[in-house]
Amino acid sequence: MAKKVLLVDDSTTTLMMEEMILKQRTAYQTVTAKDGLDAIARAVEETPDLVLMDVVMPRMNGFEACKRMRLESSLRNTPIILVTTRGEEEYVEAGFQSGCNDYITKPINSRELVTLLHNYLGE
Amino acid sequence: MTAFLSHRKQNEEQDAANALTAQAKVYAAMTRLQSSVDQADSLEAVREIAANLMGCEEVALYKFDQDRAALWLYWSFGIDPNKHSYFDIIREPRLEQVVAGKIVFDAGSNDAALLSIATPVTALVPIISSGQVRGVLVLFRLLPQRTGLDAADQQICEVLSNYAGRALAPV
């Protein structure tokens, strides 16, 4: 069965790009969410194998959504990768404190993204 | 010989990955702009594309005055609007090229600045609608992780030039 990736971003442009890259370069199935609150609901419902989530979003940001996902027993061990516009140490540290496993900086490069996802999910 | 073939394979893989990145970004940019529902959504699409696909969070859109002699700030994101509210086209040689429909990119540190302002400018993009240049999109500083625009970014600028016209005028 194909591995499932939950893509979370309030930007439809980013979601379209990520979906296209994963469709062309991987066999993963994708589901999407538009903000942190939506992401938690989708994650509980879909139990994805990995979550790729933006940080700056309306209603609930990626750090908070990550923290709350870690409180759900079904998502406690799900790899969460945060997508940030800033790679500064403090920002990355905040991400790891919220419970994420890894991070990637925008703008996303297809090779970097696919390699990162392969590391967690296999090819 | 093996090392040469391995190196060539790596280069081919890198080229394929770059091509896919470009293809995915251009597809996303074009689809987003074409599916924008009104002017406000089109402006949001421009912001999303610049920030998320190109790594530029300082963007401004300028509109011509009646004589097409000056450009006035129409919309911006991430810059101080009072600092860059107006450009006199005759005093900005690169803008004259843009007004004629050419996209102008910053070619690197040794090149002259694109505009006579202190803020770094990465690209000047003519916004074309019904075959006419209606305004200019200015991409200022890139995010620190970006060292410059690549081929994919240049293709995205082409898309912005040809599909962002709705951002300048209510439908």
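A quick note: this is a predicted structure, and the numbers were derived from the prediction, not measured.

Asker: Got a minute to help me understand the overall build of chain B in this structure?
Answerer: A tally of regular secondary structure across chain B gives four helices and six strands. Sequence-ordered secondary structure for chain B, helices as α and strands as β, is α-α-β-β-β-α-β-β-β-α. For chain B, the spread of C-alpha atoms along the three principal axes comes to 65 × 40 × 30 Å. Each of the 171 residues in chain B was classed as buried or not, and the buried ones make up 38%. Sequence separation of at least 24 residues holds for 54% of the intrachain contacts in chain B that already meet a minimum separation of 6.

Asker: Even after reading the chapter, I still don't get the interface of chain B and chain A, so can you show me in this structure?
Answerer: Interfaces are often described in size by the accessible area the parts lose on coming together. In this complex, chain B contributes 20 residues to the contact, which on the side of chain A involves 18 residues. Contributions of two or more residues to the side of chain B that touches chain A are made by α1 (2–34) and α2 (39–54) of chain B. Of the residues forming the side of chain B that touches chain A, the biggest block, 10 residues, is contributed by α1(B).

Asker: Honestly, the nonpolar core in this entry has me stumped. Any pointers?
Answerer: One broad rule of soluble globular proteins: the nonpolar side chains tend to lie buried together. Met53(A), Val46(B), Leu124(B), Val136(B), Leu137(B) and Leu160(B) are the most contacted members of the largest nonpolar core, which has 77 residues in total. For this core, the leading source of residues is α2(B), giving eight residues. Apart from the residues lying within four places of it in its own chain, the contact partners of Val46(B) are Val59(B), Leu61(B), Leu137(B), Leu160(B), Ala164(B) and Ala167(B).

Asker: Please explain the pairing of strand β2 (residues 29–33) of chain A as it appears in this structure.
Answerer: Across a regular strand the side chains alternate sides, sitting on one face of the sheet and then on the other. All names here are of chain A. Two elements, strand β1 (residues 4–8) and β2, share five bridges in a ladder whose sense is parallel. Looking at the pairing, Lys-4 lines up with Gln-29 of β2. In this fold, β1 hands off to helix α1 (residues 12–25), which returns the chain to β2; that crossover is right-handed.

Asker: When you look at the environment of Asp9(A) in this model, what are you seeing that I'm missing?
Answerer: All names here are of chain A. The topology assignment puts Asp-9 in the loop between β1 and α1. Asp-9 sits in the buried class, given 27 other C-beta atoms within 10 Å. In this structure, Asp-9 is in contact with Thr-14, Leu-15 and Asp-54, ignoring residues within four places of it in sequence.

Asker: Looking at this model, I keep getting lost on the pairing of strand β2 (residues 70–77) of chain B. Mind explaining?
Answerer: Residues and elements named next belong to chain B. With six bridges connecting them, strand β1 (residues 59–64) and β2 associate as antiparallel partners. Along β2, the bridge assignment pairs Lys-63 with Trp-72. The antiparallel hairpin formed by β1 and β2 contains five residues in its connecting segment, where Arg-68 sits at a positive phi of about 55°. Direction of pairing for β2 relative to strand β3 (residues 86–88): antiparallel, over a ladder of three bridges. For Leu-71, the partnering residue across the bridge sits in β3 and is Phe-87.

Asker: Explain the sheet that holds β1(B) here, please?
Answerer: Strand pairing in a sheet relies on backbone hydrogen bonds, with the paired strands running either antiparallel or parallel. Residues and elements named next belong to chain B. Sheet architecture is open: six strands sit in the order β3-β2-β1-β6-β5-β4, paired in antiparallel fashion. What marks the edges here is a single partner per strand, and that holds for β3 and β4 (104–105). Where α2 meets the sheet, it contacts β1, β2 and β6 (132–139), and its direction lies at approximately 135° from that of β1. Packing against the sheet, helix α4 (residues 151–163) makes contact with β4, β5 (123–129) and β6, and its axis sits at approximately 35° to β5.

Asker: In this structure, what is going on with the packing of α1(B) against α4(B)? I would like to understand it.
Answerer: Any two packed helices are characterised by the angle at which their axes cross and by the distance between the axes. Residue and element names in this part refer to chain B. As a packed pair, α1 and α4 sit with axes 9 Å apart at the nearest point and diverge in direction by 15°. Compared by their axis directions, α1 and α4 come out roughly parallel. As for how α1 packs across α4, the hand of that crossing is right-handed. Where α1 approaches α4, its residues Thr-21, Ala-22, Lys-25, Val-26, Ala-29, Met-30, Leu-33 and Gln-34 are matched on the opposing element by Ala-151, Ala-152, Gln-155, Ile-156, Val-159 and Tyr-163. Residue classes in the contact of α1 with α4 are distributed as 10 nonpolar, three polar and one charged.

Asker: I would appreciate a short explanation of the environment of Leu115(B) in the present structure.
Answerer: Residues and elements named next belong to chain B. Position of Leu-115 among the secondary structure elements: in the loop between β4 and β5. Spatially, the C-alpha atom of Leu-115 lies 50 Å from that of Thr-2, the residues being 113 residues apart in sequence. Those residues in contact with Leu-115 that lie beyond four places of it in its chain are Phe-87, Glu-92, Arg-94 and Val-121.

What counts and how
- Residues numbered from 1 in each chain as written.
- Chains lettered and ligands numbered in written order.
- Predicted model: local features only at pLDDT ≥ 70, side-chain atom pairs only at ≥ 80, totals over all residues.
- Helix = DSSP H or I, 4+ residues; strand = E, 2+ residues; numbered from the N terminus.
- Buried ≥ 20, exposed ≤ 12 C-beta atoms within 10 Å, placed from the backbone.
- Contact = placed C-beta atoms within 7 Å.
- Core = buried A, V, L, I, M, F, W, Y, C linked by C-beta atoms within 7 Å.
- Pairing = 2+ DSSP bridges.
- Right-handed = clockwise from strand over helix to strand, strands pointing away.
- Axes fitted to C-alpha atoms, helices over the stretch in contact; angles between N-to-C directions.
- Parallel < 35°, antiparallel > 145°, perpendicular 65-115°, else oblique.
- Left-handed = near helix turned anticlockwise from the far one by under 90°.
- Nonpolar A, V, L, I, M, F, W, Y, C, P; charged D, E, K, R; others polar.

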